[in-house]
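The lines below spell out each chain.
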Amino acid sequence: MRPVILLENVTVAYNGEPALMKISFKVEEPSFLVVAGPNGAGKTTLLKTLLGLLKPIEGKIVVLGINVLKNPLRVRKLVGYVPQRERIDPSMPMLVKDVVLMGRTTKTGLGRLFTKEDIEAAKKALELVGLEEHWDEAFSHLSGGQQQRVLIARALASNPKLLLLDEPLSGVDALSQNVILGVLREMADRGTGVVMVTHDLNPILELADYILLLNKRVVGFGRPNKILSREVLSEAYNRSVDIVRVGETCFVLGGDSHA
Amino acid sequence: MLEIMFAPFIVKAVIAALLAAIVSAVIGSFTVLRGLSTMGASIAHASLAGALLAFAMKYEPLLGALALSMLFALITAYSSEHGGVRMDIVLGVSFGFSSALAALSLSLTREYTTTAYTYLIGEVLGVTDSDIILLSSYSLAVIIGVVLFYKEFKFITFDMEAAQAMGLNTSFYNYLMIMLIALTCVVELKIVGSILAVVFIVAPAASAYEFSHDMERMIGLSMLFAVASVLLGMLLSIVFNLPSSPTMGLVASAIYMVSIVLSTKRRICACRIPVIRTIREKTMR
Ligand SMILES: Nc1ncnc2c1ncn2[C@@H]1O[C@H](COP(=O)(O)OP(=O)(O)O)[C@@H](O)[C@H]1O
Ligand SMILES: [Mg+2]
């Protein structure tokens, strides 16, 4: 089967200072990939590299069967992207529907209004994250967790083949967190690639298909149960980490640098 | 005394000022939300330099203004795209450069004070028919640009990063928006002059922001405030025999100050005063 994401020896640098070194991994369907690592590990850099927004100094990147370095725009049009929420000014005068419809911008011709089809896709996406009754509300009036769900709905509205999410769980209430993880799992099962960045592994240990532990280089990559060793996690986070098993569930202690 | 309001030169002035008010309200909303007001000020000064330079060389001043403001728009947009240089430094230098250029071209003209004065504070009462035609076509270009690229502009204003990640050519739309701001500055130059251009681009939109939770409402209110500034300013300037452009600028700024107090977004103690509370509740939705 064609891999959803394939990286070979990818190195990315900012002004000569490497942020990612010799990254190689391969993800196949169903592909809920969770990328974890401490602040500054290069997680956001990895997402931007997958989109061709940053050019690696070496290596090969194939996303959805497309060579990113040759054809970045083709990849981007298949992607739903959810940026870190702090990058967005919530006081902007936008309604929830305005934000979700943004996901349809590149689907509708220049100078065209949004069509019925666009509006339907947007409403359906908002329903998936459980906020359909907030369609006409101001974005700024929602809670942080709800705003995050609207941003995810925007990404879903474009009917993406691949979802990239940058720390969608940080600063989000428990209810929103459950909704978000449920939607992502469902999308992955339906064949949409999902790459989610997080600095806290706990909520997703049971849900992920793959985990990539990143700290400038690949510290660990594989199925969740395989890479969850104390040594690997401690290396990923630059500090001592403990794993506690409670019945079926694993917990990583000390890994969340924000806790 | 009010029949003077309907004298042909006043009517022409009002038409021109309304044009300027409406365009700046539309583009101003994007300018304010994207934090590009300082860039607007710098471009306005470039358009002044362009007008004076063209005047000194016996060309059409508004074309000179167009050329130089576009050039500066491109330069500032380029440096914002390609990072590496801090934006406030780029703007500071380009502001100084265009002001120096303006002062230099000023010394080349014989009609020293009068010409300088008209482009510094505008000469809305002196607009000719051909001015109105030129300004209308510039204004139309701005409006068409915003209407055509409205959803793209909205996306990059709210979230440039996601827009780019999802395949929008954000660089193109960024350049385009900044060039429309430049075009608006040229329209403003003739009507209110380079000093007041920024007031007209920023103040009505910033006032509208205080009462808006969506972009369409913000643009609509912004137009309303801009038109009110023009009409009220014109009226006051006739009644009190004041120059019209600065009076319009004062009204626009005054509306902004009142908006801050009445804002439905801020909690200012003024809302404890019963009259103000009633107004606030009426404007809230
Ligand atoms: N635009 C940039 N210019 C220079 N260095 C950067 C830039 N963006 C990120 N970096 C550096 O690259 C490293 C990785 O950053 P990032 O990918 O944002 O990490 P993470 O998302 O895992 O917290 C950090 O050391 C950061 O300082
Ligand atoms: Mg990051």
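Counting restarts for each chain: residues are numbered from 1 in the order of the written sequence. The lettering of chains begins at A and the numbering of ligands begins at 1, in the order of writing. For a predicted model such as this one, the threshold for reporting local features is a pLDDT of at least 70, and the threshold for listing and counting side-chain atom pairs is 80 or more; totals across whole chains, interfaces and linings nevertheless cover every residue. As a rule here, side-chain values cover all heavy atoms of the structure and leave hydrogens and water aside.

Draft legend 1. Spatial organisation of the domain arrangement of chain A. Residue and element names in this part refer to chain A. By domain assignment, chain A separates into domain 1 (1-78 + 161-180 + 191-259) and domain 2 (90-159). The contact criterion used throughout is that any non-hydrogen atoms of two residues lie within 4.5 Å. The interface of domain 1 with domain 2 comprises twelve residues on the first partner and twelve residues on the second. Carbon and sulfur atoms make up 62% of the surface buried where domain 1 meets domain 2, a total of about 830 Å² over both sides. Joining two parts hides part of their accessible area as seen by a 1.4 Å probe, and the buried area is that hidden amount summed over both. A per-residue breakdown of the area domain 1 buries against domain 2 is headed by Lys77, Leu163 and Val179, which together make up 41% of the total. Salt bridges are defined as contacts in which a side-chain nitrogen from Lys or Arg sits within 4 Å of a carboxyl oxygen from Asp or Glu. Summed over the shared surface of domain 1 and domain 2, the result is zero salt bridges. Polar contacts here mean pairs of N or O atoms no more than 3.5 Å apart (in protein, one a potential hydrogen donor and the other a potential acceptor; neighbouring residues in sequence count only if both atoms are side-chain atoms). Joining domain 1 to domain 2, the criterion identifies two residue pairs in polar contact (both at pLDDT 80 or more). Helix and strand definitions follow DSSP, with helices as H or I runs of at least four residues and strands as E runs of at least two, each counted in order from the N terminus. Those elements giving two or more residues to the side of domain 1 that touches domain 2 turn out to be β7 (162-166) and α6 (174-189). If one sorts the elements of the side of domain 1 that touches domain 2 by residue count, α6 sits on top with four residues. In terms of residue class, the side of domain 1 that touches domain 2 is made up of seven nonpolar, one polar and four charged. Boundaries of every domain are those given by an automatic assignment or by a domain database. Asp, Glu, Lys and Arg are counted as charged, while Ala, Val, Leu, Ile, Met, Phe, Trp, Tyr, Cys and Pro are counted as nonpolar; the rest, among them Gly, fall into the polar class.

Draft legend 2. Structural detail: the packing of helix α2 (residues 37-56) of chain B against helix α9 (residues 193-209) of chain B. Residue and element names in this part refer to chain B. Lines are fitted to the C-alpha atoms to define the axes, a helix being fitted only along its stretch in contact, and any angle between axes, read from their N-to-C directions, falls within 0 to 180 degrees. Running from amino to carboxyl end, α2 crosses α9 at an angle of 145°, the nearest separation of the two axes being 9 Å. Viewed along their axes, α2 and α9 form a crossing whose handedness is right-handed. In contact with Ser37, Gly40, Ala41, Ala44 and Leu48 of α2, α9 contributes Ser194, Ala197, Val198 and Val202. Of the residues contributing to the contact of α2 with α9, the split by class is six nonpolar, three polar and no charged. Crossing chirality is assigned from the near helix's rotation relative to the far helix, an anticlockwise turn below a right angle marking it left-handed and a clockwise turn marking it right-handed.

Draft legend 3. Region of interest: the packing of helix α1 (residues 8-33) of chain B against helix α8 (residues 170-191) of chain B. All names here are of chain B. Taken N-terminus to C-terminus, the directions of α1 and α8 make an angle of 150°; their axes are 9 Å apart at the nearest point. Looking at the two axes, α1 sits roughly antiparallel to α8. As α1 packs across α8, the resulting crossing turns out to be left-handed. Between α1 and α8, the contacting residues are Ala16, Ala17, Ala20, Val23, Ser24, Ile27, Phe30 and Thr31 on the first element and Met177, Leu180, Ile181, Thr184, Val187, Glu188 and Ile191 on the second. In terms of residue class, the contact of α1 with α8 is built from eleven nonpolar, three polar and one charged. We call two directions roughly parallel when the angle between them is under 35 degrees, roughly antiparallel when it is over 145, roughly perpendicular when it lies between 65 and 115, and oblique otherwise.

Draft legend 4. Main features of the pairing of strand β3 (residues 32-36) of chain A. All names here are of chain A. Extensive coverage of β3 is indicated by the burial of five of its five residues. Residues of β3 alternate between two faces, with Phe32, Val34 and Ala36 on one and Leu33 and Val35 on the opposite face, all of them buried. The sheet contact formed by β3 and strand β8 (residues 193-198) spans five bridges and is parallel. Note on β8: the bridge partner recorded for Phe32 is Val194. By the convention used here, strands pair only if DSSP detects at least 2 bridges between them. For β3 and strand β9 (residues 210-215), the ladder comprises four bridges, and the chain directions are parallel. When the bridges of β9 are listed, Ala36 appears paired with Leu213. Partly exposed residues are those whose accessible area sits between 20% and 50% of the maximum for their type, while under 20% is buried and over 50% is exposed, using a 1.4 Å probe and protein chains only.

Draft legend 5. How the structure looks around the interface of chain A and chain B. On the side of chain B, 27 residues touch chain A, which itself brings 38 residues to the contact. With both chains or domains summed, chain A and chain B bury close to 2700 Å², and 66% of this area falls on carbon and sulfur atoms. Close ionic contact of Asp159(B) with Arg154(A) constitutes a salt bridge, the shortest N to O distance being 2.6 Å. Our count for the contact surface shared by chain A and chain B stands at nine residue pairs in polar contact (both at pLDDT 80 or more). Every element with two or more residues in the side of chain A that touches chain B is listed here: α2 (72-76), β6 (79-82), α3 (96-102) and α5 (144-157) of chain A. Residues that form the side of chain A that touches chain B fall into these classes: 19 nonpolar, eleven polar and eight charged.

Draft legend 6. Quick peek at the environment of Leu126(A). Position of Leu126(A) relative to the elements: it lies in helix α4 (residues 116-128). Along the chain, Leu126(A) and Glu17(A) lie 109 residues apart, while their C-alpha atoms are 41 Å from each other.

Draft legend 7. Structural view of α9(B). Here α9(B) contains 17 residues, and its C-alpha end-to-end distance of 24 Å stays within 8% of the 24 Å for a straight helix at 1.5 Å per residue. Most of α9(B) is tucked away: 15 of the 17 residues are buried. What a helix is expected to span follows from its residue count: subtract one and scale by 1.5 Å.

Draft legend 8. Highlighting a nonpolar patch on the surface. A grouping of Leu232(B), Leu235(B), Leu236(B), Val239(B), Phe240(B) and Leu242(B) is seen on the molecular surface, where their side chains present a nonpolar patch of about 500 Å² in accessible area. By the element assignment, Leu242(B) lies in the loop between α10 (215-239) and α11 (244-262). By definition, no residue in a patch forms a salt bridge, and every one has over 30% relative accessible area; like charges are joined within 9 Å, nonpolar side chains (Val, Leu, Ile, Met, Phe, Trp, Tyr) within 5 Å. Areas reported as accessible are Shrake-Rupley estimates using a 1.4 Å probe. Residue values count occlusion only from the protein chains shown.

Draft legend 9. Main features of the packing of aromatic side chains. Pairing of aromatic rings covers Phe, Tyr and Trp, the last counted by its six-membered ring, and requires centre-to-centre distances within 6.5 Å; plane angles under 30 degrees mean stacked, over 60 mean edge-to-face, and any other angle means tilted. Using the criterion set out here, one finds eleven aromatic pairs over all chains in the structure. Ring geometry for Phe25(A) against Phe221(A): centres 5.3 Å apart, planes inclined by 35°, an arrangement best described as tilted. Of the two residues, Phe25(A) is situated in strand β2 (residues 17-27) and Phe221(A) in strand β10 (residues 217-222); the sequence distance between them amounts to 196 residues. For Phe221(A), a relative accessible area of 27% translates into the label partly exposed. Residues Phe149(B) and Phe153(B) carry aromatic rings whose centres are separated by 6.2 Å and whose planes lie at 40° to one another, so their mutual orientation is tilted.

Draft legend 10. Looking closely at unusual backbone geometry. Residues and elements named next belong to chain A. Going from Glu29 to Pro30, the amide bond is cis rather than trans, its omega being -10°. Looking at the element boundaries, Pro30 is found in the loop between β2 and β3. Of note, the phi angle at Leu64 is positive, near 55°, even though the residue is not glycine. If you trace the backbone, Leu64 turns up in the loop between β4 (58-63) and β5 (66-67). The backbone phi angle of Asn159 is positive, close to 50°, even though this residue is not glycine. On the secondary structure map, Asn159 appears in the loop between α5 and β7.

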